[in-house]
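One letter stands for each residue in the lines below.
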Amino acid sequence: MGMLDRFERGIERVVNGAFAKAFRSQVEPVELAGALRKEADARAAVVSRGRTLTANSYTVELSSTDFERLTPIFDELKTDLRQVVGEHAVEQGYSFVGPVTVELTVASDLDTGVYRVLAGTERPDGSPAAQPANRGGYDPISRANPIVPEAYEQSRRRETSPAPSPAPNQASPARPAGRQSAAHFTVSVGSRSYRLGQGSTIFGRSSSSADIVIDDPGVSRRHFEVTVDGSHAQASDLGSTNGTLLDGKRISKVNVTDGTVLQAGDSAVVFHRSEAGS
């Protein structure tokens, strides 16, 4: 830890100690979110080229007064704080050895407004960590190991739920004259497939700003966009650092159809098109 780091931590101890005791200010969730980000940075360690591990197990110690005040929102708060750690890891390129956990506990030696963050690394059930393709450990931008599994599963259920069938004897709405019927577009990224809806879909490395996340250090946070309009689809590069390639050449905009392969970083994005109802 450098001189500036030690100075910053000294200031933090004063602010989170003497000031809080003097003014008895209550702990606010936004303070805890900032503290977890800083702890993740402090625990980050480069273990190999392109891979930096940080802590995945966090315990926030609170005074009894702050603990009781936050109790009604504990479940939501813990989920949000886990997501804060995950999104910060995405931004910084950190990986984990297991899923992120955040617990809130009471510490008898803390006054109102004072908190303490303890962090460590824990593998799930003591077994080897899952290994996403070409990466070691739990990676926050790998959908195989989402930071908040229950939230991800809930969103997946919404995505995959079948559309409600029309009521009996209810006529289907007529298509506007002259407009082509919509086609179905899907994309394959590695071993995963995604259905593209009408409108815009963003591909990139950041789970906070991309709709489809590509686990690849050569991919920008917002790398390219695909817009589906009826039976047509068009891909547009979003100013990515390494460019979006088709047949080895950078594209700015290009129409995509069945079999089109775009390259983003080291990842191939394969498009599939089928007619609606087929």
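Position numbers for residues count from 1 along each chain, tracking the sequence in the order it is written. Only residues with pLDDT of at least 70 are given local features in this predicted model, and only at 80 or more are side-chain atom pairs given and counted; all residues enter the totals for whole chains, interfaces and linings. Excluding hydrogens and water, the side-chain figures rest on all heavy atoms present in the structure.

Considering the overall build of the protein
Argument step 1. Secondary structure counts use DSSP, requiring at least four H or I residues in a row for a helix and at least two E residues in a row for a strand, with both numbered from the N terminus. When helices and strands are counted, the protein shows 5 helices and 17 strands.
Argument step 2. Exposure classes here rest on a 1.4 Å probe applied to the protein chains alone. A residue is buried below 20% of its type maximum, exposed above 50%, and partly exposed in between. Considering the protein as a whole, with its 278 residues, one finds that 38% of them fall into the buried category.
Argument step 3. Whether two residues are in contact is decided by their heavy atoms, any of which lying within 4.5 Å being enough. Of all intrachain contacts in the protein linking residues separated by at least 6 positions in sequence, the fraction that spans at least 24 positions is 61%.
Argument step 4. Every accessible area reported is derived by Shrake-Rupley at a probe size of 1.4 Å, with residue values counting cover from the shown protein chains alone. Of the roughly 15,900 Å² that the protein leaves accessible, carbon and sulfur atoms contribute 50%.

Here's the deal with the packing of aromatic side chains
Argument step 1. Under the pairing criterion, centres of Phe, Tyr and Trp rings, with the six-membered ring standing for Trp, must be within 6.5 Å; the plane angle then separates stacked pairs below 30 degrees from edge-to-face pairs above 60, leaving the rest tilted. Applying the stated criterion across every chain, the model contains 2 aromatic pairs.
Argument step 2. When the ring of Phe67 is compared with that of Phe74, the centres are 4.8 Å apart and the planes differ by 80°; the resulting orientation is edge-to-face.
Argument step 3. Overall, Phe74 belongs to the buried group, its relative accessible area being 12%.
Argument step 4. Ring centres of Phe203 and Phe224 lie 4.5 Å apart, and the angle between their planes is 10°; on these two criteria the pair is classed as stacked. Of this pair, Phe203 sits in strand E9 (residues 199–204) while Phe224 is found in strand E11 (residues 224–229), placing the two residues 21 residues apart along the sequence.
Argument step 5. The class of Phe224 is buried, set by a relative accessible area of 0%.

What about the sheet that holds E9?
Across a sheet, paired strands are connected by hydrogen bonds in the backbone, their directions being either parallel or antiparallel.
Argument step 1. The 5 strands lie next to each other as E10-E9-E11-E12-E15, forming an open sheet whose pairing is mixed. Every other strand in the sheet has two partners, leaving strand E10 (212–213) and strand E15 (253–256) as the edge strands with one partner each.
Argument step 2. Where E9 lies against E10, 2 bridges are found, and the strand directions are parallel. Bridge pairing in E10 places Phe203 opposite Ile212. At least two bridges found by DSSP between two strands is the condition for calling them paired.

Let's talk about the sheet that holds strand E4 (residues 94–95)
Argument step 1. Strand order in this open sheet of 3 strands is E1-E2-E4, and the pairing throughout is mixed. The strands lining the two open edges of the sheet, one partner per strand, are strand E1 (45–48) and E4.
Argument step 2. In terms of strand pairing, strand E2 (residues 51–53) meets E4 through 2 bridges, oriented parallel. Counted as the bridge partner of Thr52 is Tyr94 from E4.

So, the confidence of the model for the protein
Do not read the fine detail of predicted coordinates wherever pLDDT is low.
Argument step 1. Per-residue confidence for the protein gives a mean pLDDT of 75, with 69% of residues at or over 70.
Argument step 2. A residue's pLDDT is the confidence the predictor assigns to it, expressed on a 0 to 100 scale. Note on residues 141–147: pLDDT under 50 across the span, and 23 contacts to partners over four residues away in sequence or across chains.
Argument step 3. Contacts from residues 170–180, a stretch scored under 50 in pLDDT, to residues over four places away or in other chains number 5 contacts.

Things to note about the pattern of salt bridges
It is possible for side chains of opposite charge to pair when their charged atoms get near one another.
Argument step 1. For this analysis, a salt bridge means a side-chain nitrogen from Lys or Arg found within 4 Å of a carboxyl oxygen belonging to Asp or Glu. Applying the stated rule across the entire model yields 6 salt bridges.
Argument step 2. When the shortest N-O distance is used, the salt bridge between Arg43 and Glu39 registers 3.3 Å. Here Arg43 pairs with Glu39, and both are found in helix H2 (residues 29–43), just 4 residues apart, close to one helical turn.
Argument step 3. By relative accessible area, which is 43% here, Arg43 ends up partly exposed.
Argument step 4. Relative accessible area serves as the criterion here: at 13%, Glu39 is assigned to the buried category.
Argument step 5. As a salt-bridge pair, Glu103 and Lys78 come within 3.5 Å of each other at their nearest N and O atoms.

Topic: the pairing of E15
Argument step 1. Alternating residues of E15 divide into Val254 and Val256, all buried, and Lys253 and Asn255, none buried.
Argument step 2. Summarising the sheet, strand E12 (residues 232–237) and E15 pair through 4 bridges and their orientation is antiparallel. Paired with Gln234 across the strands is Asn255, a residue of E15.

Looking at the side chain of Glu61
Argument step 1. Its place among the elements puts Glu61 in strand E3 (residues 57–62).
Argument step 2. Under the relative-accessibility criterion, Glu61 is labelled buried at 15%.
Argument step 3. One polar contact links Glu61 to Arg116, side chain to side chain, over a distance of 2.7 Å.
Argument step 4. Contacts of Glu61, omitting those with residues within four sequence positions, involve Thr105, Ala107, Leu110, Val114, Tyr115, Arg116 and Leu118. Here a polar contact is recorded for every N or O atom pair within 3.5 Å, except that within protein the pair must consist of a potential hydrogen donor and a potential acceptor, and residues adjacent in sequence are included only if both atoms are side-chain atoms.

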